[in-house]
Amino acid sequence: MTIQVRHVTDAEIVPKGFDPYDETVFILAELWPALNSDSTSTPQPLPPVRRGVFLLPNILTTGCLACGFFAIVSAIHGDFARAGQAIFAAMVFDGLDGRVARWTRTESVFGKEFDSLADMVSFGAAPALIAYEWSLKGLGRWGWIAAFVYCACAALRLARFNV
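What you see as residue numbers is a count from 1 along each chain, following the sequence as written. Note on the predicted model: pLDDT of at least 70 is required for a residue's local features to be given, and 80 or more for side-chain atom pairs to be given and counted; whole-chain, interface and lining totals, by contrast, use all residues. To obtain the side-chain values, all non-hydrogen atoms of the structure were used and water was disregarded.

Visitor: Can you help me understand the packing of helix 4 (residues 109-136) against helix 5 (residues 141-160) in this one?
Guide: How two helices sit against one another is set out by the angle between their axes and by the gap between those axes. In the contact formed by helix 4 and helix 5, the axes pass within 9 Å of each other and the chain directions differ by 165 degrees. One finds that helix 4 runs roughly antiparallel with respect to helix 5. Seen from above, helix 4 lies across helix 5 with right-handed handedness. Contacts between helix 4 and helix 5 involve S116, D119, M120, F123, G124, A125, P127, A128, Y132 and L136 on the former and, on the latter, G143, W144, A146, A147, Y150, C151, A154, A155 and L158. Its residues assigned to classes, the contact of helix 4 with helix 5 comprises 15 nonpolar, three polar and one charged. All axes here are fitted lines through C-alpha atoms, helices being fitted over the stretch that makes contact, and every angle between N-to-C directions spans 0 to 180 degrees. Starting at the N terminus, helices and strands are each numbered in turn, a helix being any DSSP run of H or I of at least four residues and a strand any DSSP run of E of at least two. Should an angle lie under 35 degrees it is considered roughly parallel, over 145 roughly antiparallel, and from 65 to 115 roughly perpendicular; all remaining angles are considered oblique. By convention, the crossing between two helices is left-handed when the near helix turns anticlockwise from the far helix through less than a right angle, and right-handed when the turn is clockwise. Two residues form a contact once any of their heavy atoms are found within 4.5 Å. Only Asp, Glu, Lys and Arg are considered charged in this grouping, and only Ala, Val, Leu, Ile, Met, Phe, Trp, Tyr, Cys and Pro are considered nonpolar; every other residue, Gly among them, is considered polar.

Okay, here's the thing in structure tokens:
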């Protein structure tokens, strides 16, 4: 089997047709000396892949989720002032979780997805339910349709960044 390659730098070899920033290409570039019978160098071990759930940013994301849930419960009980305060607190938690993840270098795919779900509850479902309970309920079917349209638009906006 023959693989045609092109040199990107002196240290990296990337097969033609592959993206030089693709993970599989870097793995292939690390293993290339072992695959090439003319090479005398030995392949270096690959760095370990960091996986797992990181605690600090996800605690802040959970705080955002809890504030959104509390806003929904407060709106159901008719306490709209506390519901608004809870949405504001969720905004603070949401602003901190991404910064803390970048600052501590603990960003993860799980954290990104968890943040989007927490944002959907806190900034999609909770405001829609607060608006419905506060003023849209009197409109009947049109009121819940208006609240749903807001919630659906929030979900679409958040899903756009996860693709």
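Visitor: Got a minute to help me understand the packing of helix 2 (residues 55-76) against helix 3 (residues 80-103) in this structure?
Guide: Following both chains from N to C, one finds helix 2 and helix 3 inclined at 165 degrees, their axes separated by 8 Å at the closest point. One way to sum up the angle between helix 2 and helix 3 is to call them roughly antiparallel. Crossing of helix 2 over helix 3 shows left-handed handedness. Partitioning the contact of helix 2 with helix 3 into residue classes produces 18 nonpolar, four polar and three charged.

Visitor: Which parts of the structure should I look at to understand helix 3?
Guide: Each α-helix turn comprises 3.6 residues. Residues three or four places apart therefore point the same way. How far a helix is expected to stretch is found by multiplying one less than its residue total by 1.5 Å. Across its 24 residues, helix 3 extends 35 Å between first and last C-alpha, which sits within 8% of the 34 Å expected from 1.5 Å per residue. All of the buried residues along helix 3 are A83, A86, I87, A90, D97, V100 and A101. Check the buried side of helix 3 and you find it contacts helix 2 and helix 4. Immediately downstream of helix 3, the backbone of R105 shows phi near 55 degrees, a positive value. Remark: exposure states derive from per-residue accessible area (1.4 Å probe, protein chains only) relative to the maximum for the residue type, with buried under 20%, exposed over 50%, and partly exposed in between.

Geometric values such as these leave the question of function open.
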